[in-house]
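Results of the structural survey
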Amino acid sequence: MRNAQPRRPRTVVPIEHALLIADAFDQAQVTELRHSVASHARSAGLRDDRLDDFVLAVNELITNAVRHGGGQGWLRLWQEPGLVLCEVSDHGTGISLQRLEDRDRPAPDVAGGWGLWLARELTDAMEVETGSAGTTVRLISATVPTEQHIGRHRQE
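The structure contained in this document is the topic of the report that follows. (Residues numbered from 1 in each chain as written. Predicted model: local features only at pLDDT ≥ 70, side-chain atom pairs only at ≥ 80, totals over all residues. Heavy atoms only, no water.)

All told, the structure shown has 3 salt bridges when counted by the stated rule. Among the ionic pairs, Glu87 bridges to Arg138, the shortest N-O distance being 2.6 Å. Here the residue Glu87 occupies a position in strand β3 (residues 83-90), and Arg138 occupies one in strand β5 (residues 134-142), the gap between them amounting to 51 residues. For Arg138, a relative accessible area of 25% corresponds to the partly exposed category. Via salt bridges that share partners, Arg76, Glu87 and Arg138 belong to a single interconnected network. (Salt bridge = Lys/Arg side-chain N within 4 Å of Asp/Glu carboxyl O. Helix = DSSP H or I, 4+ residues; strand = E, 2+ residues; numbered from the N terminus. Buried < 20%, exposed > 50% of the residue type's maximum accessible area, 1.4 Å probe, protein only.)

Enumeration over the complete set of coordinates arrives at 1 aromatic pair. Centre to centre, the rings of Trp114 and Trp117 are 5.7 Å apart; their planes meet at 90 degrees, and the pair counts as edge-to-face. (Phe/Tyr/Trp six-rings, centres within 6.5 Å; stacked < 30°, edge-to-face > 60°.)

Take the layout of surface pockets next. Volume-wise, the largest pocket comes out at about 450 Å³. Along the walls of the largest pocket sit 23 residues, with Asn64, Ala65, His68, Ile95 and Leu116 positioned nearest its centre. Where the lining of the largest pocket is concerned, the elements lending two or more residues are α2 (48-68), β3, α4 (115-122) and β5. At 8 residues, the largest contribution of residues to the lining of the largest pocket is made by α2. Across the lining of the largest pocket, the residue classes break down as 8 nonpolar, 11 polar and 4 charged. (1 Å grid on protein atoms, 1.4 Å probe; cavity = no way out; pocket = protein on both sides within 12 Å on 5 of 7 lines; lining within 4 Å. Points joined across faces, edges and corners; volume = space filled by probe spheres on them. Nonpolar A, V, L, I, M, F, W, Y, C, P; charged D, E, K, R; others polar.)

If you want it as structure tokens, here you go:
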């Protein structure tokens, strides 16, 4: 190989985010999907209470999609540097503006209404797009605890 050209250094193009899960689901897949989210979120860097909180928040969203969003949904989980993100979409009739704006903790004796509140409380950020064609909720958690999250656990 006397005539071989010297190798050029490879250019590494950073990937903005890495898709971990992209799956449709219905009631039959809820438990399996929750375990998959936990495994992938752990691999992406969430640990301890942050992992448990994120998985519980995602579980609330997928359960809501099944109960209130037409019986099925779509979940995407991905990571970006320092973040784990999850979107849950459904084809329900949407969430009322009053319900979205309500930031108060549900009364302890109320059976429903906890899902969105818990998801918002257990993650660093929650974004909602909703309308008559369905709802998409995005959860974001940093792999390193934020002051907001640390403070919330100290209050409990």
